[in-house]
Amino acid sequence: MSERPAAPPATVAPFKRALLLLVAAAVLAGCWLVPLEPLAREQLRAGLQRSLTAFAAARALGAVLSVAQGTQLDVKPAGVGLSLAPGQALKPLNELADRFAAVMLAASVAFGIQLLMLGIGGHVAVSAALTAVLLAWLVLRWRADSAAASAERAAVGADAPRARKDAAAARALRWLSPVFAGLLLVRFAVPAVGLANEGVYRAVMAGEYQSALAVIEASPEQVVGRTQPAAPAEEGLLERLKRWSERATDLRAGYEAILQAAGEWTRTMVRLIALFVVQTVLLPLGFLWLMWRLARAIAGTAAQR
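For the structure given in this document, a descriptive report is provided here. Position numbers for residues start from 1 in each chain and track the written sequence from start to end. At least 70 in pLDDT is required for a residue's local features to be given in this predicted model, at least 80 for side-chain atom pairs to be given and counted, and no such filter applies to totals for whole chains, interfaces and linings, which use all residues. Where side-chain values are given, they derive from all heavy atoms of the structure, hydrogens and water being excluded.

Before going further, it helps to examine the packing of aromatic side chains. Describing an aromatic ring pair means giving the distance of the ring centres and the angle of the ring planes. The aromatic pairing rule takes the rings of Phe, Tyr and Trp, using the six-membered ring of Trp, and pairs them if the centres are within 6.5 Å, calling planes under 30 degrees apart stacked, those over 60 edge-to-face and the rest tilted. Enumeration over the complete set of coordinates arrives at three aromatic pairs. Ring geometry for Trp 137 and Phe 180: centres 4.8 Å apart, planes at 35°, overall tilted. Residue Trp 137 is located in helix α4 (residues 124-144), and its partner Phe 180 is located in helix α6 (residues 160-227); the two are separated by 43 residues in the primary sequence. Look at Phe 180 and you get buried, because its relative accessible area is 0%. Numbered from the N terminus, helices here are DSSP runs of H or I no shorter than four residues, and strands are runs of E no shorter than two. Buried means the residue's accessible area, taken with a 1.4 Å probe over protein chains only, is under 20% of the maximum for its type, while exposed means over 50%, and partly exposed covers the values in between.

The following block contains the structure:
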């Protein structure tokens, strides 16, 4: 009757060891046979291209807004008069465009950092270190499966040396498991996060990005078409006054149209900022946390025994 409690570990051990072999095979395949880096690099470069395209559109809009903001209307019929600067009404919009461009540049830097980390994690030295630690972890984990049975035998005075060896293996496994989890994170976190991030973008954000970018790319033409000054011509005083009156009316209508369109531009820039913040900050951090939890679940199960 006292021998029955030892039977369950013997039936569970084959399943656990098969699971260990499956995990080891998956890790080795990811390191050497089917690396994720080429596909992840392609996806990250696509994200970098999107952020650079938005950055270029923002700089183009900022440039034409700066020109329109500096437009002056001089009224000097006899050499004395005044200068009007209606373009100063565009200053808030111009400042928003500059900050939007800064956010797009930061998003581009974030994608560049991920590409750099992808190259570091995919280096052959990281794969070799992970393979060595994996093999050591596998041996220790294999031995740890029999620690409970050895402890029961030691309790009744049987096989005490084997129990001490298993206890030493369990202690070594406790400090090796975090190392294994860290190497798993370094090797697989960036490609997995990059692929998952791009998958979320294509499923949810692609249409939003395309429509918003089209609005920003078309905005410089609207500004130039409504604020382009007319070429000066040789004319008399009356013609100058008439041209000034017409020019003032045109400029007023043009700036009013720009300010009306500015509401849509502002909303579009905010949408793009939110999209890239989610894609370069929130989603990577969320997926990285999930990867860390998964790595700890794989490597830390034995340490909790």
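Moving on from the model shown.
We define a salt bridge as a contact between a side-chain nitrogen of Lys or Arg and a carboxyl oxygen of Asp or Glu at a distance within 4 Å. Within the structure shown, the criterion is met by five salt bridges. Where Arg 50 meets Glu 198, a salt bridge forms, and the shortest distance between an N and an O atom there is 3.2 Å. Of this pair, Arg 50 sits in helix α2 (residues 37-69) while Glu 198 sits in helix α6, placing them 148 residues apart in sequence. Summarising the burial analysis for this pair, Arg 50 and Glu 198 share the class buried.

It is worth spelling out the side chain of Asn 197 at this point. Looking at the secondary structure, you find Asn 197 in helix α6. Contacts between residues were defined by any pair of non-hydrogen atoms, one from each residue, lying within 4.5 Å. When residues no more than four places from it in sequence are discounted, the contact partners of Asn 197 are Gln 279, Leu 283, Pro 284 and Phe 287.

The subject of this paragraph is α4. Along an α-helix, a turn takes 3.6 residues, which lines up residues three or four apart on a common side. One fewer than the residue count of a helix, multiplied by 1.5 Å, yields its expected span. Here α4 spans 30 Å end to end across 21 residues, near enough to the 30 Å set by a 1.5 Å rise per residue. Within the sequence span of α4, burial applies to Val 126, Ser 127, Leu 130, Thr 131, Val 133, Leu 134, Trp 137, Leu 138, Leu 140, Arg 141 and Ala 144.

Direction vectors running N to C along α2 and helix α3 (residues 91-121) enclose 160°, while the axes themselves pass 8 Å from each other. Taken together, α2 and α3 sit at an angle that is classed as roughly antiparallel. Considering the relative orientation of α2 and α3, their crossing is left-handed. Fitted lines through C-alpha atoms give the axes, limited to the stretch in contact for helices. The angle between two N-to-C directions lies from 0 to 180 degrees. Small angles under 35 degrees read as roughly parallel and large ones over 145 as roughly antiparallel, with 65 to 115 read as roughly perpendicular and the rest as oblique. Take the far helix as your reference; a near helix turned counterclockwise from it by less than a right angle gives a left-handed crossing, and one turned clockwise gives a right-handed crossing.

What is shown is where atoms sit, not what they do.
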